[in-house]
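Commentary on secondary and tertiary structure
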Amino acid sequence: PGFPAFKTQRNEDLAERLAQSLGRDVYVLHYRGLGQNLRGPFSFEASAEQATACIQWLRTKYQSLSFVGHSWGGGLTVRNFDKLDAGSIVFLISPLVLLPPKPALERLVNYIYNDAPQLFPGVTVPELLADLARFATHFDSKAMVRKYEVPSKNLVYIQAKVDEETPVEYAREVVPCFKTKPLYIESEQDHSFTQDREAIYLLIEKAFKK
């Protein structure tokens, strides 16, 4: 799922659609402190550790895993590229692949916080910024994507063009760094892809049905 993605039911609509149309097991990760996981408060670093632990657990149940990562979830998918396999299908949907300079980062965190303060009970903006700064010390998306190699048809990067949270310029900077060049699509939508959810459904379903 993405973060906070509250405008699109935390992408549960997408998960339900994929489960029904593909007949596959679909898991939605609720970061601690968000969604249905109320064992908060939320932490960027803790959510990254939680995502890695979830992937490691799923590895004990399935031979191959595929991922749909939106926004923050897309960034955490990139962070775990080394845990994917040759059969993985990966969709990155306006992923947070670059952290902006400090002034822009502060604006981004304030924007997210003010847009959905109910998601951050008991957490202040300075605390979120400090937490994200700690995460940034060990997040190098360009280095991570240079290592990941799968068939190009298995890697899709969909970027919203009307996006204040993960600007299209960041995507254009990172995409050339991929060892496996993704199918890269720019869409005239907002960060939450609220204008045309059906287009996202169909793109993902098409890839999985090949």
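Throughout this description, residue numbers start from 1 for each chain and increase along the sequence as written. For a predicted model such as this one, the threshold for reporting local features is a pLDDT of at least 70, and the threshold for listing and counting side-chain atom pairs is 80 or more; totals across whole chains, interfaces and linings nevertheless cover every residue. Just so you know, side-chain values use all the structure's heavy atoms and leave hydrogens and water out.

1. Re the packing of aromatic side chains
Stacked, edge-to-face and tilted labels apply to pairs of Phe, Tyr and Trp rings (six-membered ring for Trp) whose centres lie within 6.5 Å, assigned for plane angles under 30 degrees, over 60, and everything in between, in that order. Taken as a whole and judged by the stated rule, the model has 9 aromatic pairs. Ring geometry for F44 against W72: centres 4.9 Å apart, planes inclined by 70°, an arrangement best described as edge-to-face. One end of the pair, F44, is in helix α2 (residues 44–59); the other, W72, is in helix α3 (residues 72–79), with 28 residues separating them in the sequence. Throughout, exposure labels follow a simple rule: accessible area from a 1.4 Å probe, protein chains only, divided by the maximum for the residue type, with under 20% read as buried, over 50% as exposed, and the rest as partly exposed. Residue classification places W72 among the buried residues on the basis of a relative accessible area of 3%. Between F91 and F208, the ring centres sit 6.3 Å apart and the planes meet at 25°, which makes this aromatic pair stacked. Note that F91 is positioned in strand β2 (residues 90–93) and F208 in helix α8 (residues 197–209), a separation of 117 residues in sequence. The pair F91 / F208 is uniform in exposure class, with both members buried. Put simply, the rings of F44, W72, F135 and F139 pair up and form one aromatic cluster. Put simply, DSSP marks the helices as runs of H or I at least four residues long and the strands as runs of E at least two long, and each gets a number from the N terminus on.

2. Some thoughts on the confidence of the model for the chain
Each residue carries a pLDDT value, the predictor's own confidence for that position, ranging from 0 to 100. Of all residues in the chain, 90% have pLDDT values of 70 or greater, and the mean over the chain is 84. Within the chain, no element has a lower average pLDDT than helix α4 (residues 102–115), which sits at 82, and none a higher one than helix α7 (residues 168–174), at 94. Should any heavy atoms of two residues lie within 4.5 Å, those residues are counted as being in contact. Scored below 50 in pLDDT, residues 1–6 makes 33 contacts in the model with residues more than four places away or belonging to other chains.

3. Details of the pairing of strand β4 (residues 183–190)
One bridge is not enough; two strands pair if DSSP finds at least two bridges between them. Bridge count for strand β3 (residues 155–162) against β4 is 6 bridges, and the pairing is parallel. What sits directly across from V156, in β4, is L183. Here the term right-handed applies to a crossover when the path leading from its first strand over the helix to its second strand runs clockwise, the strands being oriented away from the viewer. Each parallel crossover has a hand, and the one from β3 via α7 to β4 is right-handed.

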